[in-house]
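# An overview of the molecular structure
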Amino acid sequence: MILVNRLEGKMNAPGENLRIDGARLWASLMEMAEIGPGVAGGNNRQTLTDADAEGRALFARWCDEAGLALGVDAMGTMFATRAGEDPDALPVYVGSHLDTQPTGGRYDGVLGVLGALEAVRSMNDLGIRTRHPVVVTNWTNEEGARFAPAMLASGVFAGVMDLDYAYGRADLDGRTFGEELERIGWKGDEEVGARRMHAYFELHIEQGPILEAERKDIGVVTHCQGLWWLEFTLTGKEAHTGSTPMPLRVNAGLAMARIMAMVQTVAMEAQPDAVGGVGQVKFSPNSRNVLPGKVVFTVDIRSPDQAKLDGMRARIEREALAICEALGVGCAVEPVGHFDPVTFAPQLVARVRAAAERLGYGHRDIISGAGHDACWAAKVAPATMVFCPCVDGLSHNEAEEITPDWAEKGANVLFHAVLETAGVVE
Ligand code: HGY
Ligand code: MN
Ligand code: MN
């Protein structure tokens, strides 16, 4: 028997007693973690690899077992639908991503996809029917590790990037997104972005230290900081590292090092609420005793403050040019990723907060430091997120860890907020 609060015949928030099955969720997380294992207990299930294909197949099997109808769009995003009672009601989408970083954790993204699946499994168990359909979603290439930019499929879905651009994105080995999507057999026939959303929810680990440090179980995500990924291509002169006199060098590697140090200075001078760094550098020819003729690297800067974010970008581009000129190094820069700071839908944020209250979980409002598919979903529908803590705030590291209790509580809040938005019917 489902006990839900009913007020004047209108269903309001779900009852306190509604819970997901935490043990089943944890078992699914652990089973998915077996696919695309890393070398230190985490995952290397990069997008459009054979491991990604294997994870997709497992997810698809679970969706089928839960009675969901699977659709796949031309970016490979998977949409698993639980029917609603009202055929005209737009669906509530709930999801995240199954792709990981090369040295990723077991929970970044995966908790959101499997937490959404668990909410639907629990609706099935409890015999809950909703007015709006509910669609469990696995977005392709959220990480942007193999194919920049991050959140690529959700960006095409939101109309921010076009399909040809996305298909042409290449990895470090020159393989394109379009080729790899075709190769793994997950290029769907649905038009990207044709689907209309009533609302979008995403459960995710915080990927930062705040919730654990403050002993809070739930992050009520009100905003997400904006981002620029600036890809620099520096052109030096290949030369012998031993016989080339220092004054004759055109050292692109030195220019890169000075730019990285400058990015650190810019971010520190922009404190608080600003970050900047470099995660990927490619030297060519990348030989120990050859000065690099070409250095390609991506500067990642972020801030919740639009003016600060754009100011950091302008200063970094200006000062990088000056550094390169002083060294006689060629300098080209191309933005390969960007989104402005995001404000999530206040009425959905309020539902997440109310659900945490109703369930008796400690919670606090929080701004997301990492980018998520919800940032692009927010462009086309009311969207918001639910955070759970992670150990030491660590993520994008194989040692990423959460507790089953945090996973269960996050999924319970997601479950309640989704039910309230989808509308529970007798
Ligand atoms: O880069 C990010 O914030 C996300 O992990 N893709
Ligand atoms: Mn993620
Ligand atoms: Mn990530």
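As a reminder, the structure under discussion sits directly above these lines.
An account of the accompanying structure is given in this report.

Moving on, we come to the coordination of the manganese ion (ligand 3). When four donors bind a metal tetrahedrally, each ideal donor-metal-donor angle is 109.5 degrees, and when six bind octahedrally, the ideal angles are 90 or 180 degrees. Of the protein atoms, only Asp108 (OD), Glu143 (OE), Glu143 (OE) and His396 (NE2) coordinate the manganese ion (ligand 3), at distances of 2.1 to 2.5 Å. Considered as a linear motif, the donors of the manganese ion (ligand 3) on their single chain read D-x34-E-x252-H. Between the manganese ion (ligand 3) and the manganese ion (ligand 2) the interatomic distance comes to 3.5 Å, and aspartate 108 is a ligand of both metals. Of the two residues, aspartate 108 sits in the loop between β5 (92-96) and α3 (110-126) while histidine 396 sits in the loop between β18 (383-388) and α12 (404-422), which places them 288 residues apart along the sequence.

Close contact between helix α10 (residues 346-359) and α12 brings their axes to 9 Å; oriented N to C, the two are set at 125 degrees. In terms of orientation, α10 lies oblique with respect to α12. The element α10 and its partner α12 pack so that their crossing is right-handed. Taken together, the residues of α12 that come into contact with α10 (itself represented by Leu348, Arg351, Val352, Ala355, Ala356, Arg358 and Leu359) are Asn412, Val413, His416, Ala417, Glu420 and Thr421. Here the contact of α10 with α12 is composed, by residue class, of seven nonpolar, three polar and three charged.

Another point: the coordination of the manganese ion (ligand 2). Of the protein atoms, only His97 (NE2), Asp108 (OD) and His204 (NE2) coordinate the manganese ion (ligand 2), at distances of 2.1 to 2.3 Å. Written as a sequence motif, the donor residues of the manganese ion (ligand 2) are H-x10-D-x95-H.

A word on the pattern of salt bridges. Applying the stated criterion across every chain yields a total of 24 salt bridges. Here arginine 183 makes a salt bridge to aspartate 50, at a shortest N to O gap of 2.8 Å. Here arginine 183 is found in helix α6 (residues 177-183), whereas its partner aspartate 50 is found in helix α2 (residues 50-65), with 133 residues between them in sequence. Through salt bridges that share partners, Asp50, Arg146, Asp171, Glu180 and Arg183 make up one connected network.

On to the site of ligand 1, then. Taken together, Glu142, Glu143, Ala150, Arg302, Ala370, Gly371 and His396 make up all the residues around ligand 1. Within the side chain of glutamate 143, an N or O atom sits 3.3 Å from an oxygen atom of ligand 1. A distance of 2.6 Å is found between an oxygen atom of ligand 1 and a side-chain nitrogen or oxygen belonging to arginine 302. In the complex, the protein chains occlude 95% of the 220 Å² of accessible area that ligand 1 would expose alone. Here the residues of the shell around ligand 1 sort into two nonpolar, two polar and three charged.

Reading the values: the criteria
Here the residue index of a chain counts from 1 through its sequence in written order. As they are written, the chains are lettered A onward and the ligands numbered 1 onward, keeping that order. pLDDT decides what is reported in this predicted model: residues at 70 or higher carry local features, side-chain atom pairs at 80 or more are listed and counted, and totals for whole chains, interfaces and linings draw on all residues regardless. The side-chain figures draw on all heavy atoms in the structure; neither hydrogens nor water molecules are used. Note: metal donors comprise N, O and S atoms at 2.8 Å or less from the metal (3.2 Å for Na, K and Ca); water molecules are not included, so apparent gaps in a site are possible. Secondary structure counts use DSSP, requiring at least four H or I residues in a row for a helix and at least two E residues in a row for a strand, with both numbered from the N terminus. Between N-to-C directions, angles span 0 to 180 degrees; the directions come from axes that are lines fitted to C-alpha atoms, helices contributing only their stretch in contact. Throughout, the term roughly parallel applies to angles under 35 degrees, roughly antiparallel to angles over 145, roughly perpendicular to angles from 65 to 115, and oblique to all others. In this scheme the handedness of a crossing depends on how the near helix is turned from the far one: anticlockwise by less than a right angle means left-handed, clockwise means right-handed. Here, two residues are considered to be in contact whenever any of their heavy atoms come within 4.5 Å of each other. Residues are grouped as follows: nonpolar covers Ala, Val, Leu, Ile, Met, Phe, Trp, Tyr, Cys and Pro; charged covers Asp, Glu, Lys and Arg; every other residue, Gly included, is treated as polar. A pair is scored as a salt bridge if a Lys or Arg side-chain nitrogen falls within 4 Å of a carboxyl oxygen belonging to Asp or Glu. Put simply, a residue is near a molecule or strand once any heavy atom of it comes within 4 Å of that molecule or strand. Whenever a nitrogen or oxygen atom comes within 3.5 Å of another N or O atom, the pair is scored as a polar contact, on the condition that within protein one atom can donate a hydrogen and the other can accept it, and that pairs from neighbouring residues in sequence are kept only if both atoms are in side chains. Using a 1.4 Å probe, accessible areas were evaluated by the Shrake-Rupley method; residue-level cover was limited to the displayed protein chains.

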